[in-house]
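Architecture at a glance
So the chains spell out like this:
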Amino acid sequence: MADGTESRTPLSDAPPGADASVSPSSPDDGYLERRSLRRGSSGPLLLTGLGVAYVVSGDFSGWNLGLQEGGFGGLAIAALIMGVMYTCMVFSLAELAAILPTAGGGYGFARRALGTWGGFLTGTAILIEYVLAPAAISLFIGDYVESLKLFGLESGWPVYLACFVIFIGIHLWGVGEALRFSLIVTAVAVAALLIFAVAAFTDFDAGSLNDIPVDHDAFGANSWLPFGILGIWAAFPFGMWFFLGVEGVPLAAEETRDPARTLPKAMAAAMGVLLLLALVTFLAATGARGSAAIQEAGNPLVEALQPDGEPTVLSRIVNYAGLAGLVASFFSLIYAGSRQLFALSRAGYLPRFLSLTSRRKAPYLGLLVPGALGFALAAWSGDSARMLNVAVFGATISYALMALSHIVLRRREPLLHRPYRTPGGVLTSSVAFVLALSALVATFLVDKDAAFIALGVYAVALAYFALYSRHRLVATAPEEEFAALAAAEAELSRD
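The rules behind these values
- Residues numbered from 1 in each chain as written.
- Predicted model: local features only at pLDDT ≥ 70, side-chain atom pairs only at ≥ 80, totals over all residues.
- Heavy atoms only, no water.
- Salt bridge = Lys/Arg side-chain N within 4 Å of Asp/Glu carboxyl O.
- Helix = DSSP H or I, 4+ residues; strand = E, 2+ residues; numbered from the N terminus.
- Buried < 20%, exposed > 50% of the residue type's maximum accessible area, 1.4 Å probe, protein only.
- Core = buried A, V, L, I, M, F, W, Y, C linked by side-chain atoms within 4.5 Å.
- Contact = heavy atoms within 4.5 Å.
- Expected span 1.5 Å × (residues − 1).
- pLDDT = per-residue confidence, 0-100.
- Patch = residues over 30% accessible without salt bridge, like charges linked within 9 Å, V, L, I, M, F, W, Y side chains within 5 Å.
- Areas by Shrake-Rupley, 256 points an atom, 1.4 Å probe, with all protein chains shown as cover.

Overview of the pattern of salt bridges
Applying the stated criterion across every chain, the model contains 11 salt bridges. Residues Arg 386 and Asp 447 are paired through a salt bridge, measuring 2.7 Å at the closest nitrogen-oxygen approach. With Arg 386 in helix H14 (residues 384-412) and Asp 447 in the loop between helix H15 (426-446) and helix H16 (448-467), this pair connects stretches of sequence that are 61 residues apart. Residue Arg 386 is classed as partly exposed on the basis of its relative accessible area, which comes to 26%. You can call Asp 447 buried: its relative accessible area is 11%. As a salt-bridge pair, Arg 386 and Asp 449 come within 3.9 Å of each other at their nearest N and O atoms. In this pair, Arg 386 sits in helix H14 while Asp 449 sits in helix H16, placing the two residues 63 residues apart along the sequence.

Considering the nonpolar core
Counting residues in each nonpolar core, the largest one holds 141 residues, and the members touching the most others are Phe 60, Trp 63, Tyr 86, Ile 141, Phe 196 and Tyr 399. In terms of residues, this core owes the most to one element, helix H4 (residues 106-147), which gives 17 residues. Apart from the residues lying within four places of it in its own chain, the contact partners of Phe 60 are Tyr 144, Ala 189, Leu 193, Asn 299, Pro 300, Leu 301, Val 318, Ala 321, Gly 322 and Gly 325.

Looking at the side chain of Thr 186
Examined against the element boundaries, Thr 186 turns out to sit in helix H6 (residues 175-201). Overall, the relative accessible area of 4% leaves Thr 186 in the buried class. Not counting residues up to four positions away in its chain, the partners in contact with Thr 186 are Gly 49, Val 52, Ala 53 and Ala 328.

Thoughts on helix H1 (residues 44-55)
For H1, which comprises 12 residues, the first-to-last C-alpha distance of 17 Å matches the rise-based estimate of 16 Å (1.5 Å per residue) to within 8%. The buried fraction of H1 amounts to 10 of the 12 residues, a majority that puts the element mostly inside the structure. Here H1 has its buried residues at Leu 46, Leu 47, Thr 48, Gly 49, Leu 50, Gly 51, Val 52, Ala 53, Tyr 54 and Val 55.

Looking at unusual backbone geometry
Look at Asp 258: it is not a glycine, yet its phi comes out positive at around 50°. Within the chain, Lys 361 stands out as a residue other than glycine whose phi angle is a positive 65°. For Lys 361, the position within the fold is in the loop between helix H12 (313-346) and helix H13 (364-381). Since its relative accessible area comes to 30%, Lys 361 is described here as partly exposed.

Focus: the confidence of the model for the chain
When pLDDT is averaged along the chain, the result is 86, and 91% of the positions lie at 70 or above. Of all the helices and strands in the chain, helix H17 (residues 478-494) carries the lowest mean pLDDT, 71, while helix H3 (residues 67-99) carries the highest, 95. Counting interchain partners and residues more than four positions distant, the pLDDT-below-50 stretch residues 1-18 has 43 contacts.

Regarding a nonpolar patch on the surface
On the surface, Leu 230, Trp 233, Val 441 and Leu 445 cluster together into a nonpolar patch covering about 350 Å² of accessible area. For Val 441, a relative accessible area of 41% corresponds to the partly exposed category.

See below:
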């Protein structure tokens, strides 16, 4: 049978777990063979590095804009709360990843717990995050290249294009090579952050932390909360930038050795590293130069090391390392987006041809199509802040749905084999769920237009699913088989 063709299954014979209105298809025997990833390419170290790589660029820039929303105290509290949210979410996802170690990640978890609609809603939200974030980061890379005067280049579409071409090319080479490259670049960025912290703490002055003028009209305003209590909430999206993306580690499940054991360990280790980096970066940067001086800086760490505005040897090193951090996050987010797109396409939620893999087992269209879209957005828009805010909006939706999936599975399937169990159980995922909803609402306080843009994209995607793809799902895709098996077991238990 030709690729992409299908034999229709009558409604009465639909596999357990399928929606009543859906007629799943059974493609030919070679369907999944043409859509397979390279098994066993990743171990604990590479996966831990991947988790840190997703996020590390956020330590170098972006988080400081939250000082304009909440001041030092407001951003500190927001970052602490978001740290709790991500920690709870990572432990919840670690359990889900051990249960269902497939490339579907969040889509697969929600598909099992919330059905096809829940799976699609979650997968689409994750795609919004992982398509928009690399586009925004390519703009930051362009700014760094220009500020460092590398090869005399200026920020513009040729630099953005070079980013996508070079780094997608490495991904097409192979996942093992890609993750090793990511680990090396991430190690450089992390080392530079630690060097920065040591240098900045030598100039630490606690009195400069709360030097932003107080808005006396704001409720609860004081020197530590210059914009009042509401400023804490408004700073949530910026507190997220210290951790945004770490939830993408489970997307590497099909390319991991012994994923049920490796994924939880790698996710916990990555989260521990990120919490430490967030703490030392935030305190060192604000304490060395003052919150007011860096609240609008595009490169806050460099600003913190240049009290007189003159570059130093150390500030130049940190500047180059900032570029390495941006490359690491850009590179790893492309990886995450391609795997989520691959899984949704393989299961029929998106056009099936997008999940075809090359001889090197790379989902080449899953890399090239989002890359082309990301480059087009970067070259056309040039608004990195708006694109990041859209990405954050998509991320918060996916967080709430993934946390809800953990709660539902714990309640509905308590006897399900769990190689790893979340500490605190449902209480942990409930905390993540509530805080994710709070962060979602906070995005409207920061950028209403970005929130409505994301909702518009969501509406188009949902129309496609409702009118077309939900009637053409692939029953043999791993995530769909897992959900069908659960429904069959439930039916047997009722009988």
